[in-house]
Amino acid sequence: MKKLAALMIGACLLGQFAWAERPMNELPMYGGQHDPKVERNVGFSRDATQRGWQAYYQGNFDTAIKRFNQGWMFDRENPEVYWGFGLIMGQRASQEDPELSLKESIRFLEMASVRTPEDGRIIGDLAFSHTILGHYYQSYGEIDKKAQGHFETAGELFSKAYTQAPTYPPITANWSVFYFYTGDYKKAKARADEAIRLGYRFSPGYLKELESHLK
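Read on for an overview of the structure. It should be emphasised that the depicted structure is a prediction, and the values quoted were computed from it without experimental measurement.

## Considering helix α8 (residues 185-197)
Here is step 1: Here α8 spans 18 Å end to end across 13 residues, near enough to the 18 Å set by a 1.5 Å rise per residue.
Here is step 2: Among the residues making up α8, those that are buried are Ala188, Arg191, Ala192, Glu194 and Ala195. Each buried residue of α8 sits inside an arc of 160° when the element is viewed along its axis, so together they form one side. Exposed side chains of α8 directed beyond 90 degrees from the buried face belong to Lys186 and Arg197.

## Re the pattern of salt bridges
Here is step 1: Applying the stated criterion across every chain yields a total of 13 salt bridges.
Here is step 2: A salt bridge links Arg22 to Glu96, with the nearest nitrogen and oxygen atoms 2.5 Å apart. Taken together, the residues span a long stretch of sequence, with Arg22 in the segment before α1 (42-57) and Glu96 in the loop between α3 (79-92) and α4 (98-115) at a distance of 74 residues.
Here is step 3: Of the residues examined, Glu96 reaches a relative accessible area of 4% and is grouped as buried.
Here is step 4: Here Glu104 makes a salt bridge to Arg107, at a shortest N to O gap of 3.1 Å. Note that Glu104 and Arg107 are positioned in helix α4 at a spacing of 3 residues, about one turn of the helix.
Here is step 5: Judged by its relative accessible area of 35%, Arg107 is partly exposed.
Here is step 6: Salt bridges linked by common partners bring Arg22, Glu26, Asp62, Lys66, Arg92 and Glu96 together as one network.

Conventions we followed
- Residues numbered from 1 in each chain as written.
- Predicted model: local features only at pLDDT ≥ 70, side-chain atom pairs only at ≥ 80, totals over all residues.
- Heavy atoms only, no water.
- Helix = DSSP H or I, 4+ residues; strand = E, 2+ residues; numbered from the N terminus.
- Expected span 1.5 Å × (residues − 1).
- Buried < 20%, exposed > 50% of the residue type's maximum accessible area, 1.4 Å probe, protein only.
- Arc of directions from axis to C-beta.
- Salt bridge = Lys/Arg side-chain N within 4 Å of Asp/Glu carboxyl O.

Next up, the structure:
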């Protein structure tokens, strides 16, 4: 399942948002509640997860998480439901509490990666969530150490992800953003060029800003 991770660049992560109250079926894993009477059914889980990805690609994240929840209810070992949870929580960081949303994104992507450790695509998305959380902390000078810790983790994860899936465009694209946020603009440009060769389409604003740092 190929996913083009959204580049969450801009001021949307720099302000605090109230953690929105949501119904239980819009919280990952129904907020941690699992009905023990539901028997495991891998086929039902797979079908629900596929519908979740369809809604995700359409930008309907609330519907997507409901479908991923159904997938989780039928199979709590399905790595794709945790992958979906992680990506959606990353998306919610632009509208709800950024720090909490990104921490949840990291938690669920780690759960997905534990179940499929050889999938570089998931590792790349995990690296990107660490990057965005690092950038969030970077915006507040008093917690520089937190930012550095997430950036270091992200750098290691990007290297691992690239080794496992070197032709998956979002890895090189998001690695470019990582280098941008850590101030290595030449490497950011090199990774961006590589991602473009692989078919990735950046926003013109990002490329323009990147070019401005190289002059």
